[in-house]
Amino acid sequence: MSAIAGIVHTDGQQALWEDSWRLYGSLGHIPVDTTGVWKGDQVFLSCHAQWITLESVNEKLPLHDEDSRLTITADAILDNREQLADQLQISRAELAGLADSELILRAYQRWGEGVAGHLLGDFVFTIWDEQRRMLFAARDITGMRSFYYRHDGSRFAFCTLMKPLLELGGVQKSLDENWLSEFLAIPDMHDSADIHSTVYRGVNQLPSAHTLTFRNGKVELRQYHRWDDVEPLRLKSDDDYVEAFRDVFSQAVGSRLRTHRQVAAALSGGLDSGAVVGFASGTLRSQGKQLHAYSYVPVPDFTDYTSKTLLADERPFIRSTINHVGNISENYLDFEGRSPLSEVDTWLNMMEMPYKYFENSFWIRGFYEKASEQDAGILLTGARGNFTISWGPALDYYASLLKSGRYFRWFREMQQYSERTGMAFTRIARITGRKAFPDWFKGNNKGTAQPAGAQLIHPEFAKRTGVLDRLKSILVLQGGARADALQVRADKFNNLAIANKNGAVATKCSLRYRAWERDPTSDPRVIRFCLSVPIEQYVRQGTDRSLIRRATSPELPDKVRLNQRVRGVQPADWLHRILPDWQAFTSELRTMCSDSQVAGILNTDRIKSALDNFPSPKPELASHPDLRLMMHSLIVYRFIQKF
């Protein structure tokens, strides 16, 4: 794991020298095991390296090869080393001594600019090809590592972080208003629809599944992968699908355990993280290691206000998984004294930009802190499992049965689903009817609510930037009667804006705490397999998420594996944590509403209305959009103040 940086500069040695050391020095705050630099006549490359894998301990970065006149710097962990070794005719004995960066360099010598399509793992890297006078860069398919760059005429610079690029000579820091307008207007968790831009004007990012070349003063980008036209998988029996799932998922989990340090995992009471932990624990046992599990729990004085189908404290299910799986050191973490409000400044400094996921901010960072304390090089998650291994939209599937006239199966499936979940049959029928025939229910709809994100942006700022016209296809409330579960899932994987957000969090947290987040549920092999499986394997006999429930019978207890009646909600206590500081919080918001720095940017009239509506809220209002709007506005305000 590394923070990489570099410059290609044609304005002379003095300019290259000055910019190089500005760039290198601005990464000095990162905790590292070693650093390295390489300088050519017009090129500077550097690496601030953290040792995660055994091979990385002896890795030399940047790495220069005299024969090929190629130089690489990389932030990479590869998951298909053996496959690459076979393709490149490298013996297993030689492979044991090869770092991932050298393997990438050899792969580039074989496949050139098509190299990225042959690599699996979490990576960004750059290669200076001296013979072609070209810089080549690539980012992995799911975008788990970040890569930023700026091009100023004769100078091209890149870095894992954004702020070092703002320290270069002649650079004036300024906000990108289009990015900020999209951030404020988009109701979802991702930042901007423009997958190339950032909050800083002139600083761009290389999207996931893309390569970049810089030569003759020009930047060219190419997308090398999309999740289109995945060939359907047709197997002979249900058991064959289960066996195939276990094969691909165990491979994904196993390849993410490659570290000479400890291994940790985020563990909830659900299927995704439970499956990851279940598959990882046995492998680690054979290596003589114990898995460290981190589970978020509410603070002791919190009273659970959630409905009977939701669970704020998942300990009963978590303990069931731990007792069943074994070889796990359990850590229940309530992070008492922390709140989304207390985390704002730390997250802004770490992320270098505003963010939206404030409810989870304190425990996400807390998990990384704990991993650092326990010398865990890998922090396993199941973050994308809802759309891969545990996908299974029962109500959407039942709507498709109804729409296609398969009435007997529709009726029988809904009966079984009602029995398993406790959900009233009439309610299931009503929901599936609306999904199948939304036009029939138009008369019962009272109009479309304005997306919450659009309420945060000042109307004049929205008009000036044209953001609502640019985002017409995005500013639609998700879910509801017209939602197509198959299309929603496909969009999740082809939407590279989501990958940008996920990669920024994973990269910047990992660099700060020397623990690399690794998610087997987002392994490209797992994604491809899950997209290829027919929906009937995911929903059957009244069981949603059917495939993972059947496939994890050895790893998960029935209490977790077959649970369809309750689900965890994290963190239900975020507002409860803020209430002791409510007066200070609202006072800052009222100051914000009269601050000229955000006048015409944030919708201060809407924020004032929200403040008046909630002089003293109760914890059970945590999901209210006005309270979320207030937190989002404060995060943006503090960012602009720091800017």
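A quick note: this is a predicted structure, and the numbers were derived from the prediction, not measured.

Reading the values: rules and limits
Residues numbered from 1 in each chain as written. Predicted model: local features only at pLDDT ≥ 70, side-chain atom pairs only at ≥ 80, totals over all residues. Heavy atoms only, no water. Helix = DSSP H or I, 4+ residues; strand = E, 2+ residues; numbered from the N terminus. Rg over C-alpha atoms; globule rule 2.2 N^0.38 Å. Buried < 20%, exposed > 50% of the residue type's maximum accessible area, 1.4 Å probe, protein only. Contact = heavy atoms within 4.5 Å. Lys, Arg positive; Asp, Glu negative; His and termini not counted. Charge placed at Lys NZ, Arg CZ, Asp CG, Glu CD. pLDDT = per-residue confidence, 0-100. Expected span 1.5 Å × (residues − 1). Pairing = 2+ DSSP bridges. Axes fitted to C-alpha atoms, helices over the stretch in contact; angles between N-to-C directions. Core = buried A, V, L, I, M, F, W, Y, C linked by side-chain atoms within 4.5 Å. Parallel < 35°, antiparallel > 145°, perpendicular 65-115°, else oblique. Left-handed = near helix turned anticlockwise from the far one by under 90°. Nonpolar A, V, L, I, M, F, W, Y, C, P; charged D, E, K, R; others polar. Patch = residues over 30% accessible without salt bridge, like charges linked within 9 Å, V, L, I, M, F, W, Y side chains within 5 Å. Areas by Shrake-Rupley, 256 points an atom, 1.4 Å probe, with all protein chains shown as cover. Salt bridge = Lys/Arg side-chain N within 4 Å of Asp/Glu carboxyl O.

### Comments concerning the overall build of the protein chain
Looking only at helices and strands, the protein chain has 26 helices and 19 strands in total. Its C-alpha atoms give the protein chain a radius of gyration of 25 Å, near enough to 26 Å, the size a compact globule of 643 residues would have. Relative to its full complement of 643 residues, the protein chain shows a buried share of 58%. Taking the contacts inside the protein chain whose residues are at least 6 apart along the sequence as the reference set, 73% of them involve residues at least 24 apart. The averaged location of the 77 negative side-chain charges in the protein chain is 5 Å from the averaged location of its 78 positive side-chain charges.

### Quick notes on the confidence of the model for the protein chain
Atomic detail in the predicted coordinates should be set aside for any region of low pLDDT. Looking at the protein chain, the pLDDT average stands at 93 and 96% of residues meet or exceed 70. Note on residues 476-482: pLDDT is under 50 here. Beyond four places in sequence and across chains, it has 11 contacts.

### Focus on helix α7 (residues 238-255)
Between its first and last C-alpha, α7 extends 26 Å over 18 residues, near the 26 Å set by a 1.5 Å rise per residue. Buried within α7 we find Y241, V242, F245, V248, F249, A252, V253 and S255. At its buried positions, α7 is contacted by α8 (271-286), β18 (516-518), α20 (524-532) and α21 (546-551).

### Points about the sheet that holds strand β16 (residues 328-333)
The strand order across the open sheet formed by 5 strands is β16-β14-β13-β17-β18, and the pairing between neighbours is parallel. Every interior strand has two partners, whereas the edge strands, β16 and β18, have only one. Direction aside, neighbouring strands of the sheet carry axes that sit 25° apart on average. Direction of pairing for strand β17 (residues 376-380) relative to β18: parallel, over a ladder of 3 bridges. Among the inter-strand pairings, L379 is bridged to a residue of β18, identified as E517. Helix α11 (residues 358-373) rests against β13 (262-266), β14 (291-296), β16, β17 and β18 of the sheet, and its axis sits at about 155° to β14.

### Structural notes on the nonpolar core
L184, F249, W347, F367, L380, Y398 and F585 are the most contacted members of the largest nonpolar core, which totals 149 residues. For this core, the leading source of residues is helix α26 (residues 625-642), giving 10 residues. Judged by nonpolar contacts, the second largest core, of 33 residues, contains L95, L119, I127 and V230.

### A closer look at the packing of helix α10 (residues 344-351) against α26
Between α10 and α26, the least distance of the axes is 10 Å, while the angle of their chain directions is 60°. Relative to α26, α10 is oriented oblique. In the packing of α10 onto α26, the handedness of the crossing is right-handed. Along its contact with α10, which presents V344, D345, L348 and N349, the element α26 presents M631, L634, I635, R638, F639 and K642. When grouped by side-chain class, the residues that make up the contact of α10 with α26 number 6 nonpolar, 1 polar and 3 charged.

### A word on the pairing of strand β11 (residues 210-215)
Most of β11 is tucked away: 5 of the 6 residues are buried. The pairing of strand β7 (residues 134-139) with β11 spans 4 bridges and is antiparallel. By the bridge assignment for β11, L135 is matched with F214. In sequence, β11 turns back onto strand β12 (residues 218-223) through a hairpin of 2 residues, with N216 there showing a positive phi of about 55°.

### So, the environment of M350
Mapped onto the fold, M350 is located in helix α10. Using a relative accessible area of 6% as the deciding quantity, one classes M350 as buried. Distance in space between the C-alpha atoms of M350 and D152 is 26 Å, their sequence separation being 198 residues. With near-sequence residues (within four places) excluded, M350 lies in contact with R365, K508, C509, R512 and Y513.

### Some words on a nonpolar patch on the surface
A surface patch of nonpolar side chains, amounting to about 300 Å² of accessible area, comprises W17, W21 and V37. Its location among the elements puts W21 in helix α1 (residues 13-25). With relative accessibility at 35%, the residue W21 sits in the partly exposed group.

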